[in-house]
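# Structural overview for review
Here is what each chain is made of, one letter per residue.
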Number of protein chains: 2
Amino acid sequence: MSLTIKLHVFTSHSHRLNLNFPTKPTPNGFTSYNYPNIRPKPIYHSDPLVSIVYNTKPIMHSPSRSVQAPIKSSLIEPDGGKLVDLVVPETDRAERVLEAQALPKVSLTKIDLEWVHVISEGWASPLRGFMREDEYLQSLHFNSLRTKDGSVVNMSLPIVLAIDDETKERIGSETNVGLVGPNGDLIAILRGIEIYKHNKEERTARTWGTTAPGLPYVEEVITSAGNWLIGGDLEVLEPIKYNDGLDHYRLSPQQLRKEFDGRQADAVFAFQLRNPARINAGANFYIVGRDPAGMGHPTEKRDLYDPDHGKKVLSMAPGLEKLNILPFRVAAYDTVQKKMAFFDPSRAKDFLFISGTKMRNYAKTGENPPDGFMCPGGWKVLVNYYESLQTEEASQQPAVVSA
Amino acid sequence: MSLTIKLHVFTSHSHRLNLNFPTKPTPNGFTSYNYPNIRPKPIYHSDPLVSIVYNTKPIMHSPSRSVQAPIKSSLIEPDGGKLVDLVVPETDRAERVLEAQALPKVSLTKIDLEWVHVISEGWASPLRGFMREDEYLQSLHFNSLRTKDGSVVNMSLPIVLAIDDETKERIGSETNVGLVGPNGDLIAILRGIEIYKHNKEERTARTWGTTAPGLPYVEEVITSAGNWLIGGDLEVLEPIKYNDGLDHYRLSPQQLRKEFDGRQADAVFAFQLRNPARINAGANFYIVGRDPAGMGHPTEKRDLYDPDHGKKVLSMAPGLEKLNILPFRVAAYDTVQKKMAFFDPSRAKDFLFISGTKMRNYAKTGENPPDGFMCPGGWKVLVNYYESLQTEEASQQPAVVSA
């Protein structure tokens, strides 16, 4: 579980953008909105987080309004009104480390540590730590949290920390604990803790709508986890870094907002990928197609969810009213017309779904996709890229083996 | 599935009632609020729906307010503002029956017919028929529905009608269908229909938090149901009656509200039984103990839900803000003190949970409950009642057999 977010930023210039019509399928099998005369330019050199900037001045149109009516837009407020930042100020750090050393310890897995990262930077604002039971139950039953001022924020996935019986016993009646990373580093203090039962079956059933064995997150994270959940307020001793050479790409919501503000962004678009992009990073438009990446059922030969449910559920979700959800239609390869076309359920058998994975596999293995799936020039770029990767791998392999 | 609702009504006299303190356990194992000087009197002779009236004038106190602050109370607004009534006026009946006869037919099971009853009388207001997909998804994911004016109503159980492949085929592109009861009677028209997939696994997992085999409603209603759900607006040709001699006990929300208004009720209390009582019938106080009737897990030796989750989830549920939830503590038989006492989790093994079912079984079989579980005089009443039932059964049995 790592955050992969693609944000598109529109800044103030003089172009009118029609978000509603026309739409057309792109060569890679996904539908794109048609942005006439837009000049893409990257914000950051080779930054995978923020991939494209359109330096134009669009006047936004909501799908539900007339094409002529402009939308006033500015950076969207973070959930709960204020971005959470749970990293201890440097001046207090030494003192907090001393305090943490004296507390009972809870070990974090690699995934737990990534959740500490998510919470500490405010991606899950207004959450200030791992969920206590009242937050967990709201997330599980209502896919949302009610804040103290009565407003509702979207929170469809419980963000929880599991501990085993032995750890629970060791904590006893202490109210604070220290969190220790997979490498043994002291990471954070969890304050005002609450320990409650971890009903894994119910958590899985209500989160995924199935308890069939084989869901990756369930198998890797939940099944082996302890029988208790521990909630509380986080104080992170220093910003979470992975030291993998990629840390400078991992911008926090605060950093992203600063960048968008500096560019006088009128609107920030997030595209649906495997992981939900966040209001908290400043995205006020969310472009969503079929259900997240089309998860297959782990034991049955069918999709786990209906392809349309992702966008339907998001467009009705409590707490997402302020986000402009832009659903788009599913496109697939029409084997009769031999080109990409909007999927027509009445002749489903004529359509071939070529996923990103399948497309990349074609390119890797040198196999050609069906005629009309992609323009030949574009396809060649992809094939050349994978060939270059293989050449690179072949030349590096001996070095890796000897290392 | 039949509605069993126990409503308590408080009418205008001059008694001050403290809902908050003190509480004490009652002899039957449930905790009651201590209502000093309240004189119970039934509204209807032997009416199981509305069992007790307190003819006093309480001034209500919310648990969250100071003991002295009075609550202004009157009959609570139905969800969505107006009670739904979907029975065709008598003047239009003949015409509607003719129309229904010409439509494609959908057969209702006994349970489906009970849901038609629930919807048509407004128990599920503002729902105007079996759920269409957008309502179904909101119920499944958010336990609530957003109404057109933006307000949110609680709707934790999908109210849906399943059809099989053959029926779907037969309906084709018709927009209205006729609903036929288990006895072949024409019951209703369903208008503006929408047919969508019935993902039984997801429905079960998200509704009950388990897909383990053996949940009664799942086994009896869902597993055998068709692969499609059909939603639409109901027009019921005449009020649903069961002709079992009990129809006069089945008051509609409208009838109950009229009765409460006539009695100038300040407050209407609903006690948590197996089925949720409804705001729509006028209840503005909801007294809730452990999770609904303590469902056992169908395949594991444990409760399906945590005993406290029922009241916790209800007290946080979107759409129930206007309902005063009155949680009460769990009481059980303390085998050390040999009396009923509040359950103390730190010495769980000392407590014996004697359910209503177990208690009635003791009474039926003539076995005595442990000392201090119930006052001997009260116990004798129960035992005598069950003895009288057995005598009655014994004398009636031959007549039933020969019928």
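Everything numeric in this text was worked out from a predicted model, so none of it was measured. (Residues numbered from 1 in each chain as written. Chains lettered and ligands numbered in written order. Predicted model: local features only at pLDDT ≥ 70, side-chain atom pairs only at ≥ 80, totals over all residues. Heavy atoms only, no water.)

It is the contact of helix α8 (residues 309–316) of chain A with helix α3 (residues 133–142) of chain B, at a shortest axis distance of 10 Å, that shows an interaxial angle of 75°. With respect to their mutual orientation, α8 of chain A and α3 of chain B come out roughly perpendicular. Where α8 of chain A abuts α3 of chain B, its residues H309, K312, V313 and M316 of chain A lie against E133, D134, L137, Q138, H141 and F142 of chain B. A class-by-class count of the residues in the contact of α8 of chain A with α3 of chain B yields 4 nonpolar, 3 polar and 3 charged. (Axes fitted to C-alpha atoms, helices over the stretch in contact; angles between N-to-C directions. Helix = DSSP H or I, 4+ residues; strand = E, 2+ residues; numbered from the N terminus. Parallel < 35°, antiparallel > 145°, perpendicular 65-115°, else oblique. Contact = heavy atoms within 4.5 Å. Nonpolar A, V, L, I, M, F, W, Y, C, P; charged D, E, K, R; others polar.)

Here the focus is the packing of aromatic side chains. Following the criterion strictly, the structure yields 12 aromatic pairs over all chains and no others. Aromatic pair F269 of chain A and F285 of chain A: ring centres 4.7 Å apart, planes at 15°, arrangement stacked. Here F269 of chain A, found in strand β13 (residues 265–271), pairs with F285 of chain A, found in strand β14 (residues 285–288); they are 16 residues apart in sequence, far enough to count as distant. Each of the two residues, F269 of chain A as well as F285 of chain A, counts as buried. Here the aromatic rings of F343 of chain B and F351 of chain B are separated by 5.2 Å at their centres, their planes lie at 75°, and the arrangement is edge-to-face. Judged by its relative accessible area of 26%, F343 of chain B falls in the partly exposed class. On the basis of relative accessible area, F351 of chain B is assigned to the buried category, the value being 8%. Here a set of aromatic residues connected by ring pairs shows up, and it is made of F343, F351 and F353 of chain A. (Phe/Tyr/Trp six-rings, centres within 6.5 Å; stacked < 30°, edge-to-face > 60°. Buried < 20%, exposed > 50% of the residue type's maximum accessible area, 1.4 Å probe, protein only.)

So, about helix α2 (residues 110–120) of chain B. With 10 of its 11 residues buried, α2 of chain B lies for the most part within the structure. Taken residue by residue, α2 of chain B has I111, D112, L113, E114, W115, V116, H117, V118, I119 and S120 of chain B as its buried positions.

In this assembly, 33 residues from chain B lie in contact with 33 residues from chain A. For the pair chain B and chain A, the summed buried surface comes to about 2,900 Å²; carbon and sulfur atoms form 47% of the total. Of all residues in chain B, F142, R206 and M316 of chain B bury the most surface against chain A, accounting for 22% of the area lost on that side. Linking chain B to chain A there are 8 salt bridges. Between R146 of chain A and E321 of chain B there is a salt bridge; the shortest N-O distance is 2.4 Å. Put simply, chain B and chain A have 18 residue pairs in polar contact (both at pLDDT 80 or more) between them. Each residue belonging to the side of chain B that touches chain A can be placed in one class, and the counts come to 11 nonpolar, 10 polar and 12 charged. (Buried area = accessible area lost by both parts, 1.4 Å probe. Salt bridge = Lys/Arg side-chain N within 4 Å of Asp/Glu carboxyl O. Polar contact = N/O pair within 3.5 Å; in protein donor to acceptor, adjacent residues only side chain to side chain.)

Take the domain arrangement of chain A next. In terms of domains, chain A is made up of domain 1 (92–241) and domain 2 (330–388). Spacing between the C-alpha centres of domain 1 of chain A and domain 2 of chain A amounts to 42 Å. (Domains from an automatic or database assignment.)

Once that is clear, we can look at unusual backbone geometry. All names here are of chain A. Each neighbour pair has its own omega, and for S125 with P126 the value is 5°, a cis peptide bond. Residue N143 is not a glycine yet carries a positive backbone phi of 55°. Assignment of secondary structure puts N143 in the loop between α3 (133–142) and β7 (144–146). Despite not being glycine, K338 has its phi angle at roughly 55°, a positive value.

On to the environment of P369 of chain B. All names here are of chain B. Inspection of the secondary structure puts P369 in the loop between α9 (356–365) and α10 (376–402). Judged by its relative accessible area of 12%, P369 is buried. C-alpha separation for the pair P369 and W379, spaced 10 residues apart in sequence, amounts to 8.8 Å. For P369, the residues in contact, after removing those within four places along its chain, are Y362 and W379.

Moving on, we get to the UniProt feature "domain: ATP-sulfurylase PUA-like" (unreviewed entry) in chain A. Here, the residues flagged by UniProt with the feature "domain: ATP-sulfurylase PUA-like" (unreviewed entry) are residues 76–238 of chain A. Annotated as 34% helix and 22% strand, the span residues 76–238 of chain A places its first and last C-alpha atoms 27 Å apart. (UniProt positions renumbered as here; feature names shortened; annotations may be inferred.)

Quick look at the nonpolar core now. Grouped together as the largest cluster of nonpolar side chains are 130 residues, with contacts concentrated most on L179 of chain A together with L179 of chain B. The residues contacting L179 of chain A, other than those within four sequence positions of it, are V106, L108, V116, F130, L161, D185, L186, I187, A188, L190 and L234 of chain A. (Core = buried A, V, L, I, M, F, W, Y, C linked by side-chain atoms within 4.5 Å.)

Attention now goes to the relation of the copies chain B and chain A. Note on the copies: chain B fits chain A at an RMSD of 0.1 Å, the axial shift is 0.0 Å, and the rotation between them is 180°. Such a combination of rotation and displacement between the chain copies is what one expects of a two-fold axis. A symmetric contact is evident, with 100% of the interface residues of chain B recurring at the interface of chain A. (Least-squares fit on C-alpha atoms with pLDDT ≥ 70 in both.)

With that settled, consider helix α1 (residues 90–101) of chain A. Across its 12 residues, α1 of chain A extends 17 Å between first and last C-alpha, which sits within 8% of the 16 Å expected from 1.5 Å per residue. The inward-facing, buried residues of α1 of chain A contact β6 (105–107), β11 (186–197) and β12 (228–236) of chain A. (Expected span 1.5 Å × (residues − 1).)

This part covers the packing of α3 of chain B against helix α5 (residues 200–208) of chain B. All names here are of chain B. With their axes 8 Å apart at the nearest point, α3 and α5 run at an angle of 45° to one another. Considered as vectors, α3 and α5 are oriented oblique to each other. Contacts from Y136, L140 and H141 of α3 reach α5 at E202, R203, R206 and T207.

All told, the structure shown has 5 cavities of 30 Å³ or more when counted by the stated rule. What the largest cavity holds in volume is close to 80 Å³. In this structure, the largest cavity is lined by L140, H141, N143 and R206 of chain A together with L140, H141, N143 and R206 of chain B. Of all the secondary structure elements, the ones that give two or more residues to the lining of the largest cavity are α3 of chain A together with α3 of chain B. Taken together, the residues that form the lining of the largest cavity break down as 2 nonpolar, 4 polar and 2 charged. (1 Å grid on protein atoms, 1.4 Å probe; cavity = no way out; pocket = protein on both sides within 12 Å on 5 of 7 lines; lining within 4 Å. Points joined across faces, edges and corners; volume = space filled by probe spheres on them.)

Moving on, we come to the pairing of strand β10 (residues 177–180) of chain A. Residue and element names in this part refer to chain A. Alternating residues of β10 divide into V177 and L179 and G178 and V180, and every residue in both groups is buried. Judged from the 3 bridges that link them, β6 and β10 form a sheet pairing that is parallel. Bridged to S107 within β10 is V180. Judged from the 4 bridges that link them, β10 and β11 form a sheet pairing that is antiparallel. Residue pairing across strands places L179 opposite A188, the latter belonging to β11. What sits between β10 and β11 in their antiparallel hairpin is a turn of 5 residues, with G184 showing a positive phi close to 90°. (Pairing = 2+ DSSP bridges.)

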